[in-house]
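# Architecture and fold: a report
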Amino acid sequence: MKALAIIRTAERVAAVSIFLVMVALYFANVLARQVGGTFASEFAWVEEAVRLMSLFLVFLTVGLALEKGRHAGVHTWRDRIARATGLPLRKIVDAVGFVFCIYLVWLGYQMTAFVYGMGQKSPTLNIPVFWIYLAPTIGFALMALRFALSFFGRIDRFAGQASEEQ
Amino acid sequence: MILFALVIIVAVLLLVLGFEMFLVLGVPALMIKEFFYGNLPDPVVIQKVLGGINHTTLLAIPFFILAAELMGEGQIARRLTGLVKVLVGHLRGGMGYTTIGGSMAFGSVSGSAPATVAAMARMVYPEMRKVGFSDKFSLGLIVSSAETALLIPPSITFIIYGWMTGTSVAKLFVGGLAVGLVLGLAFAIMAAIEARRSGVERGPRTSWRERLVAIREAGWALGMPIIILGGIYSGYFTPTEAAAASVVYAIFVEGVIFRELTLRKLFAVTERAAISTAIIFVLLAMGGLLSYFITLAQVPSAITAFLDAIHAGPIMFLLIVNISFLIAGMFIDPNSALLILVPPLYPVATALGIDPVHFGMIVTLNISIGMITPPFGLDIFVASSTLSKPVLTIISGLWPFIIANLIVLAIITYVPDISTFLPNLVFG
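Predicted model, so just to flag it, every value in this text is computed and none were measured. (Residues numbered from 1 in each chain as written. Chains lettered and ligands numbered in written order. Predicted model: local features only at pLDDT ≥ 70, side-chain atom pairs only at ≥ 80, totals over all residues. Heavy atoms only, no water.)

## Here we look at the overall build of chain A
Helix and strand counts for chain A stand at 7 helices and 0 strands. Reading the secondary structure of chain A in the N-to-C direction produces α-α-α-α-α-α-α. A globule of 166 residues ought to have a C-alpha radius of gyration of about 15 Å, yet chain A, at 20 Å, is considerably larger. Referenced to the eigenvectors of the C-alpha coordinate spread, the extents of chain A come out at roughly 70 × 40 × 30 Å. (Helix = DSSP H or I, 4+ residues; strand = E, 2+ residues; numbered from the N terminus. Rg over C-alpha atoms; globule rule 2.2 N^0.38 Å.)

## Re the interface of chain A and chain B
Taken residue by residue, the interface counts 58 residues in chain A and 57 residues in chain B. Summing both sides of the interface, chain A and chain B together bury roughly 5,300 Å²; the carbon and sulfur share of this comes to 78%. Taken as a group, F19, V74 and F100 of chain A account for 12% of the area that chain A buries against chain B, more than any other trio of residues on that side. Between chain A and chain B we count 3 salt bridges in total. Between R12 of chain A and E271 of chain B there is a salt bridge whose closest N-O contact spans 3.0 Å. Here chain A is connected to chain B by 9 residue pairs in polar contact (both at pLDDT 80 or more). Counting residues per element, the ones that place at least two in the side of chain A that touches chain B are α1 (2–35), α3 (45–67), α4 (78–85), α5 (89–118) and α6 (130–151) of chain A. Looking at the side of chain A that touches chain B, its residues break down into 38 nonpolar, 11 polar and 9 charged. (Contact = heavy atoms within 4.5 Å. Buried area = accessible area lost by both parts, 1.4 Å probe. Salt bridge = Lys/Arg side-chain N within 4 Å of Asp/Glu carboxyl O. Polar contact = N/O pair within 3.5 Å; in protein donor to acceptor, adjacent residues only side chain to side chain. Nonpolar A, V, L, I, M, F, W, Y, C, P; charged D, E, K, R; others polar.)

## Observations concerning unusual backbone geometry
Of note, the amide linkage connecting P153 of chain B to P154 of chain B takes the cis form, showing an omega dihedral of 0°. By the secondary structure assignment, P154 of chain B is in the loop between α9 (148–151) and α10 (156–165). With a phi close to 60°, N126 of chain A is a non-glycine residue in the positive phi region. Considering the arrangement of structural elements, one finds N126 of chain A in the loop between α5 and α6. If you check the backbone angles, R259 of chain B has positive phi at about 50° while not being a glycine. As for its placement among the helices and strands, R259 of chain B is situated in the loop between α13 (239–257) and α14 (263–296).

## Examining the side chain of S336 of chain B
Residues and elements named next belong to chain B. Counting through the fold element by element, S336 comes out in helix α17 (residues 334–351). The exposure class of S336 is buried, given its relative accessible area of 0%. Those residues in contact with S336 that lie beyond four places of it in its chain are M21 and L283. (Buried < 20%, exposed > 50% of the residue type's maximum accessible area, 1.4 Å probe, protein only.)

## Notes on the UniProt feature "transmembrane region" (unreviewed entry) in chain A
Residues and elements named next belong to chain A. UniProt annotation of "transmembrane region" (unreviewed entry) refers to residues 12–29, 49–66, 87–109 and 129–149 when read in the numbering used here. In residues 12–29, the share of helix is 100% and the share of strand is 0%. The end C-alpha atoms are 26 Å apart. Between the end C-alpha atoms of residues 129–149 the distance is 32 Å, and the span holds 95% helix and 0% strand. (UniProt positions renumbered as here; feature names shortened; annotations may be inferred.)

## Section: the side chain of D379 of chain B
Within the secondary structure layout, D379 of chain B lies in helix α19 (residues 378–387). Buried charge D379 of chain B goes without a salt bridge, the closest partner of opposite sign being R70 of chain A at 13 Å. Other than its neighbours up to four places away in sequence, D379 of chain B contacts A113, P114, V117, V143, A146, M371 and I372 of chain B. (Lys, Arg positive; Asp, Glu negative; His and termini not counted.)

## A word on the pattern of salt bridges
The full count for this structure, using the stated rule, is 16 salt bridges over all chains. Between R157 of chain A and E20 of chain B there is a salt bridge, with the nearest N and O atoms lying 2.7 Å from each other. Here the residue R157 of chain A occupies a position in the loop between α6 and α7 (159–162), and E20 of chain B occupies one in the loop between α1 (2–16) and α2 (21–36), the pair thus bridging two chains. For the residue pair R157 of chain A and E20 of chain B, the accessibility class agrees, reading buried in each case. The partner of D135 of chain B in a salt bridge is K389 of chain B, and the shortest N-O contact between them spans 3.7 Å. You can see D135 of chain B sitting in helix α8 (residues 135–145) and its partner K389 of chain B sitting in the loop between α19 and α20 (391–414), a full 254 residues away along the chain. Salt bridges here are not isolated pairs; linked through shared partners, they connect R8, E11, E67 and R146 of chain A.

## Focus: the packing of helix α6 (residues 94–107) of chain B against helix α11 (residues 169–197) of chain B
Residue and element names in this part refer to chain B. Relative orientation of the contacting elements α6 and α11 amounts to 165°, with a least axis distance of 9 Å. Compared by their axis directions, α6 and α11 come out roughly antiparallel. For the element pair α6 and α11, the recorded crossing hand is right-handed. Contact residues: G96, Y97, I100 and M104 in α6; G180, L181, G184, F187, A188, A191 and A192 in α11. Split by residue class, the contact of α6 with α11 holds 8 nonpolar, 3 polar and no charged. (Axes fitted to C-alpha atoms, helices over the stretch in contact; angles between N-to-C directions. Parallel < 35°, antiparallel > 145°, perpendicular 65-115°, else oblique. Left-handed = near helix turned anticlockwise from the far one by under 90°.)

## Quick notes on the packing of aromatic side chains
Under the counting rule described, the total for this entry stands at 18 aromatic pairs over all chains. One aromatic cluster in this structure is built from F56, Y116, F130 and W131 of chain A. Positioned above the aromatic ring of F258 of chain B, the side-chain terminus of R79 of chain B is 3.9 Å from the ring centre. A cation over an aromatic ring shows up here: R211 of chain B above the ring of W208 of chain B, its NZ or CZ 4.6 Å from the ring centre. (Phe/Tyr/Trp six-rings, centres within 6.5 Å; stacked < 30°, edge-to-face > 60°. Lys NZ or Arg CZ within 6 Å of the ring centre and 35° of its normal.)

## Looking at the nonpolar core
Counting 200 residues, the largest nonpolar core has F100 and F140 of chain A together with I61, F63, L284, F317 and F359 of chain B as its most contacted members. Ranked by residue count, the leading element in this core is α14 of chain B, at 16 residues. If we skip the residues at most four places from it in the chain, I61 of chain B touches I156, I159, I160, I280, F281 and L284 of chain B. (Core = buried A, V, L, I, M, F, W, Y, C linked by side-chain atoms within 4.5 Å.)

## So, the packing of α11 of chain B against helix α18 (residues 356–372) of chain B
Residues and elements named next belong to chain B. Direction vectors running N to C along α11 and α18 enclose 50°, while the axes themselves pass 10 Å from each other. Comparing their axes, α18 and α11 come out oblique. For the crossing formed where α11 meets α18, the hand is right-handed. On α18, the residues that touch K171, L172, G175, G176, V179 and L183 of α11 are V357, G360, M361 and L365. Looking at the contact of α11 with α18 residue by residue, the classes come out as 6 nonpolar, 3 polar and 1 charged.

## Re α17 of chain B
Residues and elements named next belong to chain B. Helix length check: α17, at 18 residues, gives a terminal C-alpha distance of 25 Å against a target of 26 Å (1.5 Å per residue), a fit within 8%. Its axis deflected by about 50° at V342, α17 carries its strongest bend there, up to four residues before the proline P343. Taken from the residues just after α17, G353 is the one with a positive phi, measuring 80°. (Expected span 1.5 Å × (residues − 1). Bend = angle between axes of the 7 residues up to and from the residue.)

## Notes on the confidence of the model for chain A
Overall, the prediction assigns chain A a mean pLDDT of 89, with 96% of residues at 70 or greater. Across chain A, the secondary-structure element scoring lowest on mean pLDDT is α7 of chain A, at 68, and the one scoring highest is α6 of chain A, at 96. (pLDDT = per-residue confidence, 0-100.)

## So, a nonpolar patch on the surface
Residues and elements named next belong to chain B. A cluster of nonpolar side chains, namely I315, M316, L319, I320, I323, I327, F331 and Y414, defines an oily patch on the protein surface of about 690 Å² accessible area. No other element matches the 7 residues that helix α16 (residues 314–331) contributes to the nonpolar patch. Mapped onto the fold, F331 is located in helix α16. Look at F331 and you get partly exposed, because its relative accessible area is 32%. (Patch = residues over 30% accessible without salt bridge, like charges linked within 9 Å, V, L, I, M, F, W, Y side chains within 5 Å. Areas by Shrake-Rupley, 256 points an atom, 1.4 Å probe, with all protein chains shown as cover.)

Here it is, written out as structure tokens:
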């Protein structure tokens, strides 16, 4: 599980750094507008950069949110239905979640590879467009990892949700 | 038709069985694609998922969440509430007004109702009980006052609605201010009646000296609503820029002026805000996918045709809107309710000549009522865990407020001017 701990630390540090840099850049952009003129127009790339960073912020954190059981959902009946029917519902949720995420990783990978091959560049930031598609590909992979670990009982992602039950 | 029924059944099953909401939205969307639009190229899915979140307006959400977390953790929220208390605390029922005003003040710097419940409950519950408000009434008032956080700008719900429908977020913010005030007024009337009925004591009168001290203490905190509201309404900031500025201001005030924000705390708070952001955005991403198929399947025009067939006008339509949002709000989270119901209903509303800002107010008020409505109103559970009170006690205290809410909802629904008067005044 050491690998997971490393991934988790990487996700946390990346998310926090990206988030704070986004704030700084966006705010600097507003300040630059005060100066105006050509100085302000040199900051035109900020908006696109911050948007791209927000994609990475989101998709580098979705796995953490899943591991902590924080994603929205109606968890009230799940364990009661599982007890009543004897179905391993938590495992079913994990399995479906895993397949769904892997499918999106596959689509994301295709899209990333295709756009990478085209070599298209973004208009103001002038970086390759494939970065945009890489973010969800990574994000769904990080979630697939959590679904799989939970399926095999290596992490308890339901602990936080049990307290919602009444 | 059978396939369509299958999609609906799967969606309901996933919801009831406790699947994550992004799966509840995403799996049926993929099914619709496979069943009905199999010839669409697969990469469309990724494009629509990204289209759901890759937008400048939406950047306001992470920024406002981070600012709210910083202020809730620190001093700004507490000082704003303290100011409200010295101004109205001495009146009969003053602690009730403090709860309402404090929630609105907290709402004016954050945009989250559960965060408002959590922050306010600890601060005002003991004091409400001390002056003689009943347990039930205190709990009911604390939970329902937090609703105003969704209406008083900045409101994440309005940002999402504005982005989904192309409505000006700034206009929605102004409209929300008016509707939030109406709701606060309704609760204040209830607090006044309750205070008289059960003989609640007056709080000690605060001297002008104490008030000046509170105003001075709240000085830096007051800068926050000024930056957000003043900045947006004067046209100086876009909502997204105001959101970024509010984070910088919160870090500056909590870190440099109040000296309470350490680097370790900043890391923890930012991480929490990042996770809250991810939870909302993964829903938006799946919502982007789902709403694409809702539009493609021409669901809105089917609804319009149905309304024509039963000769339903705007009044009937708005009743249907209210009922569907109320039911959705009882079960699912506010953002999912928006993502599922707005794409099919909004085009119908515009076709019937309903003002987009007015429709936004109705939708958001419905969602806030959903947050306090049993069985699943999120705020009920937040209050329950914050104050260690049984859920059933809170629910029994909430009923009068839910009825008051429904009356306000009827007024807002059928008197459009309340929602549109201020936005039209400010923005012409």
